[in-house]
There are 2 protein chains.
Amino acid sequence: MAPKREISIKDVKVDDSFWNGRIGNAVEKAVPYQWRVLNDQEPGAVPSHAVMNFKICAGLAEGEFGGFRFQDSDLAKWIEAAAYSLLYKDSPEIRAALEEAVSVIEKAQQPDGYLDTYFILEKPEERWRDIAHGHELYCAGHMLEAAVALFQVTGSSRLLTVMEKTVNLIRQVFGEGEGQISSCPGHEEIELALMKAYRATGQEAYKELALYFIENRGAKPGFLEEPGFQNASKNRWFQASYHQAHARIREQETAEGHAVRAMYFFTGAADAALETGDPTLKAALEKLWENVTRRRMYVTGGVGSQGEGECFTIDYDLPNDTCYTETCAAIGLAMWALRMLRLEPKEEYAAIMERALYNNVLSGISQDGEHYFYVNPLLVKPEVARFRRDHQDVEPDRVKWFGCACCPPNITRTLCGLGGYIYTRKGDAIYQHLYIGNTGEFETEKGKARLRCVSSMPWEGKAEIAYSGPAGVEVYLRVPGYGENFRITKAGAPVSFTLSQGYARLCPQDGDAYTLSFDMKAQYLQANPQVLEDCGKACVQRGPLVYCAEEADNGPLLNSFTADLSQPPVLETSPLFGGVTVVKAAGSQIDWEKWPANALYAPAPAPTRPASLTLVPYFLWNNRGAGEMLVWMNAR
Amino acid sequence: MAPKREISIKDVKVDDSFWNGRIGNAVEKAVPYQWRVLNDQEPGAVPSHAVMNFKICAGLAEGEFGGFRFQDSDLAKWIEAAAYSLLYKDSPEIRAALEEAVSVIEKAQQPDGYLDTYFILEKPEERWRDIAHGHELYCAGHMLEAAVALFQVTGSSRLLTVMEKTVNLIRQVFGEGEGQISSCPGHEEIELALMKAYRATGQEAYKELALYFIENRGAKPGFLEEPGFQNASKNRWFQASYHQAHARIREQETAEGHAVRAMYFFTGAADAALETGDPTLKAALEKLWENVTRRRMYVTGGVGSQGEGECFTIDYDLPNDTCYTETCAAIGLAMWALRMLRLEPKEEYAAIMERALYNNVLSGISQDGEHYFYVNPLLVKPEVARFRRDHQDVEPDRVKWFGCACCPPNITRTLCGLGGYIYTRKGDAIYQHLYIGNTGEFETEKGKARLRCVSSMPWEGKAEIAYSGPAGVEVYLRVPGYGENFRITKAGAPVSFTLSQGYARLCPQDGDAYTLSFDMKAQYLQANPQVLEDCGKACVQRGPLVYCAEEADNGPLLNSFTADLSQPPVLETSPLFGGVTVVKAAGSQIDWEKWPANALYAPAPAPTRPASLTLVPYFLWNNRGAGEMLVWMNAR
């Protein structure tokens, strides 16, 4: 079976008033900045060692391995991001840096194709021994994604050639044959990378290896029997379910274990379901999707409730202050959602992808593009976050870099690769999921089709969409669940359309220009009463944006405010952050000045006074110094 | 200065409809049960090793030390409890067990007076080396308390003689002289024990050593420089403030570190302030008292917000689900409050002592008297408590014993010694702080005075108090802050009285019989708005009892209920637990059946329906199996 036609990263170029600045920051600042960090040339950032490790392997430098055993993946994610960045700015410096990186990687690769600087430098005799925690396959996966990105954007197959060798070695080492290791990666990633490589090159070997790893996960004998795992298994958070290896995927009822691993696994598995057409795999993913998004996901699109094990916990367990909600996990959720959309375009998948991207992903990076959150809480009191043991993962301020720096390059590659999230195709039907301004070009059976979108999202429910190309191409435009009074006009006249799973079906002619619009009210949301932490509370969402209250706008003791749900939240245009829509929530607040002097507890009702909170989009929080923040307000 | 006249444990015998059953359980069940546990003869309980360790030291058995390094203190607390139990039941078996215990201890003591089975058996060459964590002085303190209890109740000074030797050794080892160790105990306890011994025997040496340890805490060079401490200090939770050694007591502004240590320290320091009359020490304790009770105390009288380090955290940081609120810490708070009452009889101190005893202390033991909580949370969802890392200290069910078993014998000695908490004296003025039925006999300057109290507390604000004895004795009866319409009658006629710091002053004649009564409404309390976790919530208190909602009465999803503060909570007499007053809280609850099927988040307002919760006294929670429980309800 030939790979399903995919939209290449080159086909869609974002040009959008909301995203241009953020992508620009990523392209202009983060990509060069991260290259300096990866080369240990950025003062104030934790040393990365990532490039140096490859240089030492390549014989270009001397020294010892530095960083985590998965340090290689930071460079790989940067290469992917830098490759995408060339679509927006063809920088000679970045091209040169990419050349340099690839050259070093080529030289670092071992004659047999092996490429993992940690094991080459630190434990050469322990290759492929600690499958559970060694991260060799994880790093290979990221480097393979980087290779595909470079190949797609620049046409250069140098890194892909390197990774072909590595993949060939992996195919020799892993499998069910005599002398092979029957296992699967401790940290999933290579599955989705192999599927990307398969779709980019058409080489079946990539797909076969991906399917082997996906189907072998949870089988016995697996990597639980490997050395290295035995030590870790004493801790309940690092047992089989940490790696989603507690059952084969079709027997998994709930998303368990390390959230990023789970998301990457499900992403790769959804790719596999698309390419194999296996309905049982699709059904398994639908079940897991439902579990994650209906039981285990924060309203910000964050997943992973607990820092210990960076893991999912149990249904409806969504603490707001001690949550983990790693930036990478939300990126993983968006990646998985995109694959679910490829499998079956349903508005629900697009809505979750958008929720993750506009909230938990975007909160991972500061407005200046140079500071990062690993953990994205929904409730922060800085002095508690700084003091308490169970808040040890929560930073009240974004930082410049992390010792474990998975998130910064991950968010950069996501921003530079954002064009890849806007559309999917099914044959000659093009689905637009996100109203992000862009130009997309699609090679259809009927010829080249072009869509140009100019959008006012997320501030206003309005987009202009122009089609040029052959007749017979179907264009499906998402009707967002939050959009009221959705309408499409052409030259001012209403366009009728049929609805299909949340998408408006159009059959445009060359030159057709549509205006779609919908109303976006700021709305109070409440959580399922099973979510203990959110009971008695409400949050505000408008369109894809979840809002939060910050001390910078409202002073301290945010939780002493109670929103009055009978008064709808009011929109205001604010000059903050260069111009955003803020929300005023009306209600009452405990009147501290009338609180009995020095009392810890006092007879109810506490004195209150009318009050309102100014809410800003969650993704913007902590751009004005550390302070209290909350998403879920007390509500009545 | 001679010791201030204290009320001996023998002088007050509780006879009270509320407490008799609980004391009876302690006397009839817990004391014999714990003796079996301490002798490793109780199936299903974690082996204690406590008696065996002494037997091995005594040459009466062979084997290795078992348990924690402070295991000796479990036996010591049991001896104290068992001694007190003889006041209620003069059991030959318990007398024999006490004889046996003392005989073994006598034989276990080393010729120089040293008595700590861990170091004798495990690290004989490391005596007095790990002052910070060795617990030698802690164990000696508990054994000295036990010795005083035995002496006071039975008149036997055998154990006191043993401990005199130990104390003499400690006086040689610690001090500012040549070759002495200038330090203070890692875990406070011996200070208050030495003050008890001083008051029981009048021997100045006890007091001097106590004062030395109290005043030397926080001084340099201190035990921070000791070996053993260096290792632990890498963890921020185990630095100097863990031991209240970050500053001298007069410079301490806030209660820091391990909560039990802090409570025991402040207890001993308050004893010292009473005996020395030092106003600066009293002022320091008043400041710390205010910090604890106005900033760092749960409404249940629990202290210690965090399991890591079993410690205080920061002002107003009072999470309800991950709190530590160790039973022993609440006992310590009651002990400290009793000493503050001796220093200065103020209703506030009595109210906190009562709050701790009737809530966080009593919740530490089951109705059957044989199951214990170490941690006493205010919000429990069993599946979360079982799963989540940050809930690892929270048991959703009481257990039969603990590997670290400080709490069970501590609560037993508290119940058997409850008579000691009812009164304090200042000369010939007798203050009654708790309306617990009892007979108290007091040797006053004017002769023997006797008070007999029959009380309906905590269910009704009513007590009959009969006085017999000489004229000229003043009796001060507490006017509880929660008691409305407080009145005293004699033979049906109102008695007028003067109020002094929350106490009604009476000057009874022989044979006077008073009836005091006050109204106790069930009342909604709210917390200071600085307490993030309690904002938007209320709890119910009636008299000294804090109430909670349990799944057993109300079904699950307790947090989906919102109390209507405009409707006062209603009292009901319930046959539950042999007859208690329960409270009905009216309000509304999210109507789960109308909640959008399978939605995690949905537009507000969520459908609600009128509802009420049945609340039971907090101390009774978890006597009907594991289930949800909460103290703080959403409120509007």
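Quantities reported herein were computed from a predicted structural model and do not represent experimental measurements.

Draft legend 1. Geometry of the overall build of chain A. From N to C terminus, chain A includes 17 helices and 23 strands. Reported as C-alpha extents along the three principal axes, the dimensions of chain A are approximately 75 × 65 × 50 Å. Buried residues in chain A amount to 65% of all 636 residues. Carbon and sulfur atoms make up 48% of the accessible area of chain A, which amounts to about 20600 Å² in all.

Draft legend 2. Spotlight on the domain arrangement of chain A. Residue and element names in this part refer to chain A. What the domain assignment reports for chain A is domain 1 (11-421), domain 2 (423-519) and domain 3 (523-635). Taken together, the contact pairs five residues of domain 2 with eight residues of domain 3. Buried area between domain 2 and domain 3, both sides added, is near 580 Å², and the carbon and sulfur share of it is 66%. Applying the counting criterion to the domain 2 and domain 3 interface returns zero salt bridges. Across the side of domain 2 that touches domain 3, the residue classes tally to four nonpolar, no polar and one charged.

Draft legend 3. Region of the structure containing unusual backbone geometry. Residue and element names in this part refer to chain A. Residue P458 is bonded to the preceding M457 through a cis peptide linkage, with omega at 0°. With a phi angle near 60°, D40 is a residue other than glycine that sits in the positive phi range. Looking at the secondary structure, you find D40 in the loop between α1 (19-38) and α2 (50-57).

Draft legend 4. Focus on the packing of aromatic side chains. Residue and element names in this part refer to chain A. In this structure the tally under the stated criterion is 58 aromatic pairs over all chains. An angle of 90° between the planes, with centres 5.5 Å apart, marks the rings of W128 and F174 as edge-to-face. In this pair, W128 is assigned in the loop between α5 (117-121) and α6 (136-154) and F174 in the loop between α7 (158-173) and α8 (190-201), connecting sequence segments 46 residues apart. Judged by centre distance (5.7 Å) and plane angle (40°), the ring pair of F265 and F266 falls under tilted. Relative accessible area serves as the criterion here: at 0%, F265 is assigned to the buried category. The buried category is assigned to F266, whose relative accessible area is 0%. Here the aromatic residues F18, W19, Y358, W459 and F619 are joined through ring pairs into a cluster of three or more. Its guanidinium or amino end placed over the ring of Y114, R127 lies 4.0 Å from that ring's centre, counting from NZ or CZ. Between the NZ or CZ atom of R217 and the centre of the ring of F265, over which it lies, the distance is 5.1 Å.

Draft legend 5. Main features of the sheet that holds strand β7 (residues 462-468) of chain B. Residues and elements named next belong to chain B. Pairing is antiparallel across the open sheet formed by seven strands, whose spatial order is β1-β5-β6-β7-β13-β9-β10. Of all strands in the sheet, those with a lone pairing partner are β1 (12-14) and β10 (493-494), marking the two edges. Pairing geometry for strand β6 (residues 447-455) and β7, over six bridges, is antiparallel. Counted as the bridge partner of C453 is I465 from β7.

Draft legend 6. Fine view of the state of the cysteines. Scanning the model with the defined rule gives zero disulfides over all chains in all. Unpaired in this structure, C57 of chain A has its nearest cysteine sulfur neighbour in C139 of chain A, at a distance of 12 Å. C548 of chain B takes part in no disulfide bond, and the closest cysteine sulfur, belonging to C539 of chain B, lies 11 Å away. On the basis of relative accessible area, C548 of chain B is assigned to the buried category, the value being 1%.

Draft legend 7. Structural context of the pattern of salt bridges. Inspection of every chain in the model, using the stated rule, returns 94 salt bridges over all chains. The shortest N-O distance in the salt bridge between R413 of chain B and E80 of chain B comes to 2.7 Å. Placement of R413 of chain B in helix α16 (residues 407-416) and of E80 of chain B in helix α3 (residues 72-85) is noted, with a sequence separation of 333 residues between them. Here R413 of chain B and E80 of chain B have matching classes, each one buried. In this structure, a network of salt bridges that share partners links the residues E80, E145, K196 and R413 of chain A.

Draft legend 8. Here's a closer look at the relation of the copies chain A and chain B. Expressed as a screw operation, the relation of chain A to chain B combines 0.0 Å of axial shift with a rotation of 180°, fitting to an RMSD of 0.0 Å. What the superposition gives is, in effect, a two-fold axis relating one chain to the other.

Draft legend 9. Structural context of the interface of chain A and chain B. At the interface, 62 residues of chain A touch 62 residues of chain B. Between chain A and chain B, the buried area comes to about 5400 Å², and carbon and sulfur atoms account for 58% of it. Where chain A touches chain B, the interface holds six salt bridges. Across the salt bridge formed by E533 of chain B and R388 of chain A, the nearest N and O atoms sit 3.6 Å from each other. At the surface where chain A touches chain B, the tally comes to 30 residue pairs in polar contact (both at pLDDT 80 or more). Elements with a minimum of two residues in the side of chain A that touches chain B: α12 (279-295), α15 (382-387), β14 (522-527) and β20 (601-603) of chain A. Of the residues forming the side of chain A that touches chain B, the biggest block, five residues, is contributed by β14 of chain A. Classifying every residue of the side of chain A that touches chain B by side-chain character gives 33 nonpolar, 13 polar and 16 charged. Of the pairings in the sheet, the one linking β14 of chain A to strand β20 (residues 601-603) of chain B comprises three bridges and is antiparallel in character. From the neighbouring strand, A527 of chain A faces β20 of chain B, where its bridge partner is Y601 of chain B.

Draft legend 10. Up close: helix α8 (residues 190-201) of chain B. Residue and element names in this part refer to chain B. Under the 1.5 Å per step criterion, the end-to-end length of α8 is 16 Å for 12 residues, consistent within 8% with the ideal 16 Å. When you tally the buried positions in α8, you get 10 out of 12 residues, the bulk of the element. Looking at the packing, one finds that the buried side of α8 touches α3, α6 (136-154), α7 (158-173), α9 (204-216), α11 (259-276) and α13 (327-343). Taken from the residues just after α8, G202 is the one with a positive phi, measuring 80°.

Draft legend 11. Highlighting the pairing of strand β16 (residues 545-550) of chain A. All names here are of chain A. β16 sits mainly inside the fold: six of its six residues count as buried. Both faces of β16 are covered, namely the face carrying L545, Y547 and A549 and the face carrying V546, C548 and E550. Note: strand β15 (residues 537-542) against β16, two bridges, orientation antiparallel. Residue pairing in the sheet places R542 in a bridge with L545 of β16. Remark: two residues form the turn of the hairpin made by β15 and β16, two consecutive strands paired antiparallel; G543 in that turn has positive phi of roughly 55°. As judged from the three bridges shared by β16 and strand β21 (residues 608-617), these two strands associate in the antiparallel manner. Among the inter-strand pairings, C548 is bridged to a residue of β21, identified as V616.

Draft legend 12. Seen up close, the packing of α12 of chain A against helix α13 (residues 327-343) of chain A. Residue and element names in this part refer to chain A. In contact at an axis separation of 12 Å, α12 and α13 are set at 135° when each is read in the N-to-C sense. Considering the angle they form, α12 stands oblique to α13. Here the hand of the crossing between α12 and α13 comes out left-handed. Seen from α12, the contacting residues are K282, L285, E286, L288, W289 and V292; seen from α13, they are L333, W336, A337, M340 and L343. The residue makeup of the contact of α12 with α13, split by class, is nine nonpolar, no polar and two charged.

The rules behind these values
Residues numbered from 1 in each chain as written. Chains lettered and ligands numbered in written order. Predicted model: local features only at pLDDT ≥ 70, side-chain atom pairs only at ≥ 80, totals over all residues. Heavy atoms only, no water. Helix = DSSP H or I, 4+ residues; strand = E, 2+ residues; numbered from the N terminus. Buried < 20%, exposed > 50% of the residue type's maximum accessible area, 1.4 Å probe, protein only. Areas by Shrake-Rupley, 256 points an atom, 1.4 Å probe, with all protein chains shown as cover. Domains from an automatic or database assignment. Contact = heavy atoms within 4.5 Å. Buried area = accessible area lost by both parts, 1.4 Å probe. Salt bridge = Lys/Arg side-chain N within 4 Å of Asp/Glu carboxyl O. Nonpolar A, V, L, I, M, F, W, Y, C, P; charged D, E, K, R; others polar. Phe/Tyr/Trp six-rings, centres within 6.5 Å; stacked < 30°, edge-to-face > 60°. Lys NZ or Arg CZ within 6 Å of the ring centre and 35° of its normal. Pairing = 2+ DSSP bridges. Disulfide = S-S within 2.5 Å. Least-squares fit on C-alpha atoms with pLDDT ≥ 70 in both. Polar contact = N/O pair within 3.5 Å; in protein donor to acceptor, adjacent residues only side chain to side chain. Expected span 1.5 Å × (residues − 1). Axes fitted to C-alpha atoms, helices over the stretch in contact; angles between N-to-C directions. Parallel < 35°, antiparallel > 145°, perpendicular 65-115°, else oblique. Left-handed = near helix turned anticlockwise from the far one by under 90°.

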